[in-house]
Amino acid sequence: MVSAHWESLALKVSISAKPETIHDFGGFPQALFECQYPAPGEPELAERLAVLLGAERVERGLDHGAWVPLSLMFPDANVPVVSLSLPVRWSNAELVTLGERLSALREEGILVIGSGSLTHNLYEIMPQESPMPWVGAFATWVSDRLIANDREALLSWENAPNARENHPTPEHFQPLLVAMGAGGDAKQLHHSVEHGVLAMDVYAFS
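I will try to describe carefully the structure that is included in this document. None of these values were measured; they are calculated from a predicted model. (Residues numbered from 1 in each chain as written. Predicted model: local features only at pLDDT ≥ 70, side-chain atom pairs only at ≥ 80, totals over all residues. Heavy atoms only, no water.)

Thoughts on the overall build of the protein chain
Within the protein chain, the secondary structure is distributed over eight helices and nine strands. Considered along the principal axes of its C-alpha atoms, the protein chain spans approximately 45 × 40 × 30 Å. Across the 206 residues in the protein chain, those meeting the buried criterion constitute 45%. Residue pairs at least 24 apart in sequence account for 75% of intrachain contacts in the protein chain once pairs closer than 6 positions are excluded. Looking at the protein chain as shown, the accessible area adds up to about 10,500 Å², and 54% of this sits on carbon and sulfur atoms. (Helix = DSSP H or I, 4+ residues; strand = E, 2+ residues; numbered from the N terminus. Buried < 20%, exposed > 50% of the residue type's maximum accessible area, 1.4 Å probe, protein only. Contact = heavy atoms within 4.5 Å. Areas by Shrake-Rupley, 256 points an atom, 1.4 Å probe, with all protein chains shown as cover.)

A short note on a nonpolar patch on the surface
On the surface, Val68, Leu72, Met73 and Leu111 cluster together into a nonpolar patch covering about 400 Å² of accessible area. Relative to the assigned elements, Val68 resides in helix α3 (residues 64-73). (Patch = residues over 30% accessible without salt bridge, like charges linked within 9 Å, V, L, I, M, F, W, Y side chains within 5 Å. Salt bridge = Lys/Arg side-chain N within 4 Å of Asp/Glu carboxyl O.)

Some points on unusual backbone geometry
We note that Ala77 has phi near 55°; this positive angle belongs to a residue other than glycine. The class for Ala77 is buried, based on a relative accessible area of 9%. Its identity as a non-glycine residue notwithstanding, Asn149 has a phi of 55°, on the positive side. Mapped onto the elements of the fold, Asn149 is located in the loop between α5 (133-147) and α6 (151-154). Judged by relative accessible area, Asn149 falls into the partly exposed class, the value being 39%.

A word on helix α4 (residues 92-102)
Every buried residue of α4 is listed here: Asn92, Leu95, Val96, Leu98, Gly99 and Leu102. Each buried residue of α4 lies within a common arc of 150° when the element is viewed along its axis, so the set occupies one face. Packed against the buried residues of α4 are α2 (43-53), β4 (84-87), α6 and α8 (174-182). (Arc of directions from axis to C-beta.)

Some details on the packing of α2 against α4
Direction vectors running N to C along α2 and α4 enclose 130°, while the axes themselves pass 11 Å from each other. By the angle class used here, α2 and α4 are oblique. Note on packing geometry: the crossing formed by α2 with α4 is right-handed. Together, Leu49, Leu52 and Leu53 of α2 and Leu98, Arg101 and Leu102 of α4 make up the contact between the two elements. The class makeup of the residues in the contact of α2 with α4 is five nonpolar, no polar and one charged. (Axes fitted to C-alpha atoms, helices over the stretch in contact; angles between N-to-C directions. Parallel < 35°, antiparallel > 145°, perpendicular 65-115°, else oblique. Left-handed = near helix turned anticlockwise from the far one by under 90°. Nonpolar A, V, L, I, M, F, W, Y, C, P; charged D, E, K, R; others polar.)

Keep in mind that these numbers describe shape and distance, not what the molecule does.
Here you go:
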């Protein structure tokens, strides 16, 4: 799992055997703070990744960028999870290369997940659900490039229509680059927009 909510300078990997559920947010209903996702870690895999990637070993739980989607995918919390940090100062090409280095894990039945948000401008959150036009323009551009496997264009995603409006900072887009590097052809599984500006698109890579 590579989550937008574990940013770092150098690459890190969590070696936690029992990662805690991190409630790294505020202003939400109490029920969310009571949620627990007790999925086990997998220290042996974490150690392999540390050696393979030259990553720093740390103890860290699952932030909400990890446990929220995982709780929907695996509600029984019975699938082991290893978290990698998101090295936010790496170039787009370096993030894709990171994914490529993780791609061999898929042959072992290990799922590689990049968790962010296709658009993420919290400054523009709206009370209504009607999407802002600039959200749709960016989401369509990304979808078209992913389906066409146009990685050259996606390596310069900051030049896409309305990229800055949708991502004042890049961390919520960057996990997609890691996932893209780890996979092959892209297929869109879901598209929706919350609060007018948060595109919650989901892609699977073959």
